[in-house]
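This is what each chain is made of:
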Amino acid sequence: MINSIRGFNDILPPETSIWQHIEKEAREIFEAYGFSEIRVPIVEKTGLFSRSIGETTDIVEKEMYTFEDRHGEAITLRPEGTAPVVRAYIEHKIYGNDPVAKFYYLGPMFRYERPQKGRFRQFHQIGAEVFGIDDPKADAETLEMLVCLFQKLGLEGITLQINSLGCKECRPLYKEKLLSFLQDKKSQLCHDCQRRFEINPLRTLDCKSPGCIEITAHAPSILDAVCDGCKTHFEKVKEYLALSQVDFSLNQKMVRGLDYYIRTTFEITALGLGSQNAVAAGGRYDGLVKSLDGPDTPGFGFAIGMERLVMLAKDRGQQLAVSNQPLVFIAILGDKAEKEAVGLIKRIRTSGIRLERDYSSKSIKSQMKRADKLGARYVLILGDDELSSCSIIIKNMQSGEQEKVALDRVEDRMKELLRKSASIKINLDIL
Ligand code: ATP
Ligand code: MG
């Protein structure tokens, strides 16, 4: 038997209902904030990621799925969505109409990581990118939108942490400061932090190894070191977050694992996810479009980890109204009814009612049993008797009540009945 690849998951019904629900809410909110969906390929030239994410990042050093295609070109399964969206923004000269463009995307990402709770090799992100606005109001508003989505999904125990990473002017100065602080402690740092010491010492700040955490506890703060421009920007972000009533806390040690971020960076963490507790992250990337040979365009974006979001929804055991329609089953008896049913079933389904049937000519008893097993709300019964009077029986599976209606009134009557019983709730505990 051939199994799926380690770290690559199937998402089965009814869990797919939660995915659809989250996706629908996200689309609705993002569209309301002026974002439009963009769909970019799953595979890109390797250089796109190594140049943008940074050669010394975990993603580029050890997590990318890179292959040679049949012509020997290095291609990579996208580990994140920002670089491809930036590539598309430049390639299609989207800035030509108006430098301001707002996109959202959803889809799979691929990273060769050790699979564990909340960490997979194929995972899904919903992300958004804002191009062409360097104003801190864009940072705050995009965060407001993200937090609104979490609130609309009814998730609790969510914390927004923000930091500023400075810009290309002031970050090198902070890097020097940090290097001199760490210099005499270098030998006590973990292996990874020692290796990337000179190139990327900031990573030491959010290293999870206990030794590094202890050493960096008294490291100089980046927020004290950034230039006036970055300070003002950060102050404005905080001011506007407060105006939009978005709660946040400062985390001066958060540096993020991608090199392109400058100024505002953030992470949203949630209780109950264990050590993989980040559900969303992102920040400002003003130099990125230019570094990929586009015009000098500022940018701000985030990505939400879908699997972790779905886990949160499930862990809370909350009731989630899903848009899945209640099921109607049709039990058919006899050859004549079997043929007559074809057109009828087509009519009912194309009118938007969710209808299932049996394909073998089983007894009424076994068809009713199957309807029950599938959780059908109503069963339509069509036999030769009903046919001869151009009617059909509708049975309510909960109350057991039955009624007979004319064949040409089935859709209307079913719609009436289904409207009464509105949307169903699924209890996430059972998933
Ligand atoms: P982490 O610190 O958990 O490795 P990250 O900083 O690598 O996260 P980002 O690149 O910022 O993550 O991606 C944004 C979000 O995507 C994360 O907050 C997380 O929810 C999700 N995510 C990242 N990597 C994975 C993965 N391997 N499996 C599942 N979700 C992931
Ligand atoms: Mg990671």
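Residues numbered from 1 in each chain as written. Chains lettered and ligands numbered in written order. Predicted model: local features only at pLDDT ≥ 70, side-chain atom pairs only at ≥ 80, totals over all residues. Heavy atoms only, no water.

## Details of the domain arrangement of the chain
Domain parsing of the chain yields domain 1 (15-170 + 226-320) and domain 2 (325-422). Using C-alpha coordinates to define each centre, domain 1 is positioned 47 Å away from domain 2. (Domains from an automatic or database assignment.)

## Here's the deal with the pattern of salt bridges
A side chain of one charge can pair with a side chain of the opposite charge if their charged atoms are brought near each other. Tallied over the full model, the rule gives 31 salt bridges. For E37, the salt bridge is made with R27, and the minimal N-O distance between the two is 2.5 Å. Within this pair, whereas E37 is found in strand 1 (residues 36-37), its partner R27 is found in helix 1 (residues 15-32), the two being separated by 10 residues in sequence. Here E37 falls in the partly exposed class, since its relative accessible area comes to 26%. Of the residues examined, R27 reaches a relative accessible area of 26% and is grouped as partly exposed. A salt bridge links K62 to D58; its shortest N-O distance comes to 3.9 Å. Here K62 pairs with D58, and both are found in helix 3 (residues 58-63), just four residues apart, close to one helical turn. The partly exposed category is assigned to K62, whose relative accessible area is 43%. Salt bridges linked by common partners bring D58, E61, K62, D192, R195, R196, R203 and D206 together as one network. (Salt bridge = Lys/Arg side-chain N within 4 Å of Asp/Glu carboxyl O. Helix = DSSP H or I, 4+ residues; strand = E, 2+ residues; numbered from the N terminus. Buried < 20%, exposed > 50% of the residue type's maximum accessible area, 1.4 Å probe, protein only.)

## Structural notes on the pairing of strand 3 (residues 65-68)
Within a regular strand, side chains alternate between the sheet's two faces. Direction of pairing for strand 3 relative to strand 4 (residues 74-77): antiparallel, over a ladder of four bridges. If you follow Y65 over to strand 4, its bridge partner there is L77. In this antiparallel pair of consecutive strands, strand 3 and strand 4, the connection spans five residues, and G72 shows a positive phi of 80°. (Pairing = 2+ DSSP bridges.)

## Remarks on the packing of aromatic side chains
Taken as a whole and judged by the stated rule, the model has 14 aromatic pairs. When the centroid spacing of 6.4 Å and the interplanar angle of 50° are considered together, the rings of F30 and F35 count as tilted. One exposure class covers both F30 and F35, and it is buried. Connected via pairs of aromatic rings, a cluster forms that spans Y89, Y95, F103, F131, Y260, Y261 and Y285. The ring of Y112 has R121 lying over it, and the distance from NZ or CZ to the ring centre is 3.9 Å. It is K185 that lies over the ring of F181; its NZ or CZ is 3.9 Å from the centre. (Phe/Tyr/Trp six-rings, centres within 6.5 Å; stacked < 30°, edge-to-face > 60°. Lys NZ or Arg CZ within 6 Å of the ring centre and 35° of its normal.)

## So, the site of ligand 1
Residues in contact with ligand 1 amount to 15 residues; listed here are only the nearest, R111, E113, R119, R256 and A278. One of the side-chain nitrogen or oxygen atoms of R119 is found 2.9 Å away from an oxygen atom of ligand 1. One nitrogen or oxygen atom from the side chain of R256 is found 2.2 Å from an oxygen atom belonging to ligand 1. Taken by itself ligand 1 offers 580 Å² of open surface, and the protein chains cover 87% of this. Of all the secondary-structure elements, those providing two or more residues to the shell around ligand 1 are strand 6 (122-131), strand 10 (278-284) and strand 11 (299-305). No other element matches strand 10, which puts four residues into the shell around ligand 1. The class makeup of the residues in the shell around ligand 1 is seven nonpolar, three polar and five charged. (Near = heavy atom within 4 Å. Polar contact = N/O pair within 3.5 Å; in protein donor to acceptor, adjacent residues only side chain to side chain. Areas by Shrake-Rupley, 256 points an atom, 1.4 Å probe, with all protein chains shown as cover. Nonpolar A, V, L, I, M, F, W, Y, C, P; charged D, E, K, R; others polar.)

## Quick word on the sheet that holds strand 13 (residues 328-332)
An order of 14-13-15-16-17 is seen for the five strands of this open sheet, with the pairing classed as mixed. The strands lining the two open edges of the sheet, one partner per strand, are strand 14 (355-357) and strand 17 (402-406). If you compare each strand with its neighbour and ignore which way they point, the axes differ by 30° on average. As judged from the five bridges shared by strand 13 and strand 15 (residues 378-382), these two strands associate in the parallel manner. (Axes fitted to C-alpha atoms, helices over the stretch in contact; angles between N-to-C directions.)

## Some thoughts on the packing of helix 2 (residues 46-53) against helix 4 (residues 82-91)
Packing of helix 2 against helix 4 leaves a shortest axis separation of 10 Å and a crossing angle of 105°. Considered as vectors, helix 2 and helix 4 are oriented roughly perpendicular to each other. Every residue of helix 4 that contacts helix 2 at L48, F49 and S52 is listed here: A83, P84 and R87. Considered class by class, the residues forming the contact of helix 2 with helix 4 number four nonpolar, one polar and one charged. (Parallel < 35°, antiparallel > 145°, perpendicular 65-115°, else oblique. Contact = heavy atoms within 4.5 Å.)

## Section: the nonpolar core
Buried together is how nonpolar side chains tend to be arranged in soluble globular proteins. Grouped together as the largest cluster of nonpolar side chains are 94 residues, with contacts concentrated most on F30 and I304. Here this core gets seven residues from one element, more than from any other, and that element is helix 5 (residues 136-152). Not counting residues within four places of it along the chain, the set of residues in contact with I304 comprises F30, H124, Q125, I126, L146, L149, F150, V279, A280 and L309. Ranked by size, the runner-up nonpolar core spans 22 residues in total, among them I332, I353, L355 and L387. (Core = buried A, V, L, I, M, F, W, Y, C linked by side-chain atoms within 4.5 Å.)

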